[in-house]
Amino acid sequence: MDIRPNHTIYINNINDKVKKEEMQRSLYALFSQFGQIVDIVAMKTMKARGQAFVVFKELAAATNALRQLQGFPFYNKPMRIQYAKTDSEVIAKARGTFGDKDKKKDKKKKPQEPPTSMLKKPAGSTSPPHSGSAQVADNPPNYILFLNNLPEETNEMMLSMLFNQFPGFKEVRLVPGKHDISFVEFESENQAGVAKDALQGFRITATCAMKITYAKK
């Protein structure tokens, strides 16, 4: 383990039957809980199948994600995660967007670069005025949460990965024929409330800020 910590983590043993676009969205949903993501590169060439790179803005976020998600069952296969051997060279080769100097300039240069910089609303952060989280009308506390304004590509796996980081998570229930709403069940009202507050306004995609309320009893 002589690979030094850096902003980019390398993931392998990913289920290679998952489509590239869905894999990137699911990786974003899973890893963005740890901090701002600059880029995600998933390659589907024969040589690089089942592999991906996630670039974090902060080194601490990359370290946290590596420790917390090591062996996480991602699409039913345990992920193997390590620091990338070089911080951004692999990304530069794959996309042509990052150069060797990025590892030195990462903190200064990256904030204005990706559109994803505005996507994550970590728990406890100040939410942007347009997030709309304060305007969500709510019902009395319930152990079941009601989610709406979900993007079309939302699936059960994606939502489960988001919510199972919270204690008491039981299950996600999608509504057949309605892609933009879902229910998430917890063991108690308090546990549901913690998840609701933490993920209110979370953006699975750039355009859809998730709205969470307690389900009607």
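In the block above lies the structure referred to throughout.
Note that the structure is a prediction, hence the values are computed from the model and not measured.

Quick notes on the rules
- Residues numbered from 1 in each chain as written.
- Predicted model: local features only at pLDDT ≥ 70, side-chain atom pairs only at ≥ 80, totals over all residues.
- Heavy atoms only, no water.
- Core = buried A, V, L, I, M, F, W, Y, C linked by side-chain atoms within 4.5 Å.
- Buried < 20%, exposed > 50% of the residue type's maximum accessible area, 1.4 Å probe, protein only.
- Helix = DSSP H or I, 4+ residues; strand = E, 2+ residues; numbered from the N terminus.
- Contact = heavy atoms within 4.5 Å.
- Salt bridge = Lys/Arg side-chain N within 4 Å of Asp/Glu carboxyl O.
- Phe/Tyr/Trp six-rings, centres within 6.5 Å; stacked < 30°, edge-to-face > 60°.

A. Molecular detail of the nonpolar core. Grouped together as the largest cluster of nonpolar side chains are 28 residues, with contacts concentrated most on Ile9, Leu27, Phe31, Phe56, Phe74 and Met79. Counting residues per element, the ones that place at least two in this core are strand E1 (8–12), helix H1 (20–31), strand E2 (37–43), strand E3 (51–56), helix H2 (59–69) and strand E6 (80–83). Residues within four places of isoleucine 9 in sequence aside, it is in contact with Phe31, Ala52, Phe53, Val54, Phe56, Ala62, Ala65, Leu66, Ile81, Gln82, Tyr83 and Ala84. Judged by nonpolar contacts, the second largest core, of 21 residues, contains Ala29, Leu150, Val172 and Val184.

B. Seen up close, the side chain of asparagine 12. Looking at where asparagine 12 falls in the secondary structure, it is placed in strand E1. Other than its neighbours up to four places away in sequence, asparagine 12 contacts Gly50, Gln51, Met79 and Arg80.

C. Spatial organisation of the pattern of salt bridges. Following the criterion strictly, the structure yields 8 salt bridges and no others. For glutamate 189, the salt bridge goes to lysine 217, with nearest N and O atoms at 2.9 Å. One end of the pair, glutamate 189, is in helix H6 (residues 189–199); the other, lysine 217, is in the segment after strand E10 (211–214), and 28 residues separate them in sequence. One salt bridge connects aspartate 197 with lysine 196, and the closest N-O pair in it is separated by 3.9 Å. Connected via shared salt-bridge partners are Lys170, Glu171, Arg173 and Glu185.

D. Structural context of the packing of aromatic side chains. Counting across every chain of the model gives 6 aromatic pairs. Geometrically, the ring pair formed by phenylalanine 163 and phenylalanine 186 is edge-to-face, given 6.4 Å between the ring centres and 65° between the ring planes. Of this pair, phenylalanine 163 sits in helix H5 (residues 156–163) while phenylalanine 186 sits in strand E9 (residues 178–186), and the two are 23 residues apart along the sequence. The exposure class assigned to phenylalanine 186 is buried, which follows from its relative accessible area of 1%. Among the aromatic residues, those joined into a cluster by ring pairs are Phe163, Phe169 and Phe186.

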